[in-house]
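Per-entry structural report
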Amino acid sequence: MRGTALAAVTMAGVLALAGCAKDTGKNENASGSDSNSGSNCITAQKPPAAPAAATSSTADTGKVDGSKLKVGLAFDVGGRGDASFNDAAAAGTDQAKSELGVPSVQESTASASESESAKQQRLEQMAAQGLNPVIAVGFAYAPSVAAVAPKHPNTKFAIVDDDSIKQPNVTPLVFAEEQGSFLAGVAAAYKSKNCHIGFVGGVKTPLIQKFEAGYLQGAKAVSDKIQIEDDYLTPAGDFTGFQDPAKGNVKAAAEIAKGADVIYHAAGASGKGVFDAAKSGDALAIGVDSDQYNQKTVAADKDIIITSMVKRVDIAVFEYLKAAAKNDLSTVPKRFDLKVDGVGYATSGGKVDDIKDVLDGYKAQIISGAVQVKDKPEK
């Protein structure tokens, strides 16, 4: 959107947000009036409809040959099969195999209690074996990548969720998690019958606080009556919070007992416990990272998953491998945000179809800059 069109959309968005109806108990302009939506909770007018050109894609049509790449994929805790973050990275390499002809991907998974030296050894072994590029999945690898990359200047490294390493052979793959989580917050408020929602974070780190921040802001943007339960499984430094479904179950159940009826998790494999608690407690849930409605490992709970905040680690990994195959890493986006479809929301199951115009309207406002999403929680 450019010129007059952008100005019109931006002004319309500002006026829509400024014209929120306060404490009315209902709003004829609000979407989500079906039996599954908490329309009485909504106090804001819905935003203007998203124009067709509101988003762009990282995709291009040029044929790229990746047959010379030998990829190393160092998973974070949980590995392939976590139904979340790591699975999304694996999907990116799987796509590279099928579309770029990448011949092999060697995978290795971190354990929850492993030392920093174990992470370094994993990356050292991959580089020494001639794997190139090597992708580290997760910010926990940052010290190891910073230590190993200078020793292997001819090996390309990428790291997901960290941009602190300034080595010339290291490419950061970072995301606007707060933007996608804003939309999750909007969906939660619209779907809550009690006007009471919850958030469960895995580990209290600045990264996961981005999910929390966007979620809180999105819910509050559409309702000034919303109540929010907000908890973490473990403090910073204790990464077991990403791999403890039992603890996720207990924490989510406690939020539901307090009245929350829609729970959003950013807790990795611990999200399975959050989903189980939501199903047992007659609540709804919002997944994270992958489209969790379609994940086999949480299939028993798919009926209560209304949407997922999709963090397209798969797109980031695939685009990075495509750029590496072309030997031109300048094409990799500096940040995977809503504008390049790096984050978003899932529609599988049709459970947010009735509020899709609302979600897309806010998406357009975020892309245009009319709505600025914070990356630190404001409570």
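Residues numbered from 1 in each chain as written. Predicted model: local features only at pLDDT ≥ 70, side-chain atom pairs only at ≥ 80, totals over all residues. Heavy atoms only, no water.

Further remarks concern the overall build of the protein. Assigned secondary structure in the protein consists of 10 helices and 11 strands. Going through the 379 residues of the protein one by one, you find that 55% of them count as buried. The long-range share in the protein, meaning contacts at least 24 apart out of those at least 6 apart in sequence, stands at 71%. Just so you have it, the protein exposes about 15,100 Å², and 49% of that area is on carbon and sulfur atoms. (Helix = DSSP H or I, 4+ residues; strand = E, 2+ residues; numbered from the N terminus. Buried < 20%, exposed > 50% of the residue type's maximum accessible area, 1.4 Å probe, protein only. Contact = heavy atoms within 4.5 Å. Areas by Shrake-Rupley, 256 points an atom, 1.4 Å probe, with all protein chains shown as cover.)

With that out of the way, let us pick up the packing of helix α5 (residues 177-191) against helix α10 (residues 356-368). Closest axis-to-axis distance for the α5/α10 pair is 10 Å, and the angle between their directions is 150°. Taken together, the axis directions place α5 and α10 in an arrangement best described as roughly antiparallel. Crossing geometry of α5 relative to α10 is assigned as right-handed. For the pair α5 and α10, contact is made by Q179, F182, L183, V186, A187 and Y190 and by V358, L359, Y362, K363 and I366, respectively. (Axes fitted to C-alpha atoms, helices over the stretch in contact; angles between N-to-C directions. Parallel < 35°, antiparallel > 145°, perpendicular 65-115°, else oblique. Left-handed = near helix turned anticlockwise from the far one by under 90°.)

A few words now on α10. Here α10 spans 18 Å end to end across 13 residues, near enough to the 18 Å set by a 1.5 Å rise per residue. For α10, the set of buried residues is V358, L359, D360, G361, Y362, K363, A364, Q365, I366, I367 and S368. Phi turns positive one or two residues past the end of α10, at G369, with a value near 95°. (Expected span 1.5 Å × (residues − 1).)

The next thing to look at is the sheet that holds strand β2 (residues 104-109). Taken in spatial order, the five strands make up an open sheet running β2-β1-β3-β4-β5, and their pairing is parallel. Here the strands that pair on one side only, and so sit at the sheet edges, are β2 and β5 (170-173). Pairwise comparison of adjacent strand axes, ignoring direction, gives a mean angle of 20° for this sheet. Bridge analysis of strand β1 (residues 70-75) against strand β3 (residues 134-137) gives three bridges, and the strand direction is parallel. Across the sheet, residue L73 finds its bridge partner in β3, namely I135. (Pairing = 2+ DSSP bridges.)

A few words now on the side chain of S223. Within the secondary structure, S223 sits in the loop between α6 (206-222) and β7 (227-234). Polar contacts involving the side chain of S223 include one to the main-chain amide nitrogen of I226, which spans 3.2 Å. Leave out the neighbours within four places in its chain, and S223 touches C41, T43 and C195. (Polar contact = N/O pair within 3.5 Å; in protein donor to acceptor, adjacent residues only side chain to side chain.)

In this section: the pattern of salt bridges. The full count for this structure, using the stated rule, is 19 salt bridges. Residue R80 pairs with D94 through a salt bridge whose shortest N-O separation is 3.2 Å. Taken together, the positions of R80 in the loop between β1 and α2 (85-100) and D94 in helix α2 put the pair 14 residues apart, joining distant regions of the chain. Under the relative-accessibility criterion, D94 is labelled partly exposed at 33%. Each member of the salt-bridge network shares a partner with another, and the members are D161, E177, E178, K210, K311 and R335. (Salt bridge = Lys/Arg side-chain N within 4 Å of Asp/Glu carboxyl O.)

A few words on the nonpolar core. The nonpolar side chains of a soluble globular protein tend to be buried, and buried together. The biggest cluster of nonpolar side chains holds 74 residues, and the ones touching the most others in it are I135, F211, Y264 and L321. When residues no more than four places from it in sequence are discounted, the contact partners of F211 are E177, S181, F199, Y264, A266, V288, D289, M309 and K311. Core analysis: the second largest hydrophobic core is formed by 18 residues, A83, A267, A283 and A285 among them. (Core = buried A, V, L, I, M, F, W, Y, C linked by side-chain atoms within 4.5 Å.)

All right, on to the packing of aromatic side chains then. Counted by the stated rule, this structure contains seven aromatic pairs. Seen from their ring centres, F182 and Y362 are 5.7 Å apart, and the 50° between their planes marks the pair as tilted. Of this pair, F182 sits in helix α5 while Y362 sits in helix α10, and the two are 180 residues apart along the sequence. Since its relative accessible area comes to 1%, F182 is described here as buried. For the ring pair F199 and Y232, a centre distance of 5.9 Å and an interplane angle of 70° mean the geometry is edge-to-face. Here F199, found in strand β6 (residues 196-203), pairs with Y232, found in strand β7; they are 33 residues apart in sequence, far enough to count as distant. Residue F199 is classed as buried on the basis of its relative accessible area of 0%. Here the aromatic residues F199, Y215, Y232 and Y264 are joined through ring pairs into a cluster of three or more. The cationic tip of K119 hangs over the ring face of Y141; the distance from NZ or CZ to the ring centre is 5.9 Å. (Phe/Tyr/Trp six-rings, centres within 6.5 Å; stacked < 30°, edge-to-face > 60°. Lys NZ or Arg CZ within 6 Å of the ring centre and 35° of its normal.)

For the rest of this paragraph, the subject is the environment of Q120. Among the structural elements, Q120 can be located in helix α3 (residues 116-128). Between the alpha carbons of Q120 and P143 there is a distance of 8.3 Å; along the sequence they are 23 residues apart. What Q120 contacts, discounting residues up to four positions off in sequence, is S144, A147 and V148.

Moving on, we come to the state of the cysteines. If you walk through the whole model with that rule in mind, you get one disulfide. In this model C41 forms its disulfide with C195; the gap between the sulfur atoms is 2.0 Å. The sign of the S-S torsion, about 60°, decides the handedness of the disulfide formed by C41 and C195: right-handed. Taken together, the positions of C41 in the loop between α1 (3-18) and β1 and C195 in the loop between α5 and β6 put the pair 154 residues apart, joining distant regions of the chain. Neither C41 nor C195 differs from the other in exposure class; each is buried. (Disulfide = S-S within 2.5 Å.)

Right, let's talk about the confidence of the model for the protein for a bit. On average, residues of the protein score 88 in pLDDT, and 87% of them are at 70 or above. Within the model, the stretch residues 54-59 combines pLDDT values under 50 with 17 contacts to residues more than four positions away or in other chains. (pLDDT = per-residue confidence, 0-100.)

Here the focus is the pairing of β3. Residue alternation in β3 divides its side chains into two sets, V134 and A136 and I135 and V137, and both sets are buried. Of the crossover connections in this fold, the one passing from β3 over helix α4 (residues 142-148) to the parallel strand β4 (residues 157-160) is right-handed. (Right-handed = clockwise from strand over helix to strand, strands pointing away.)

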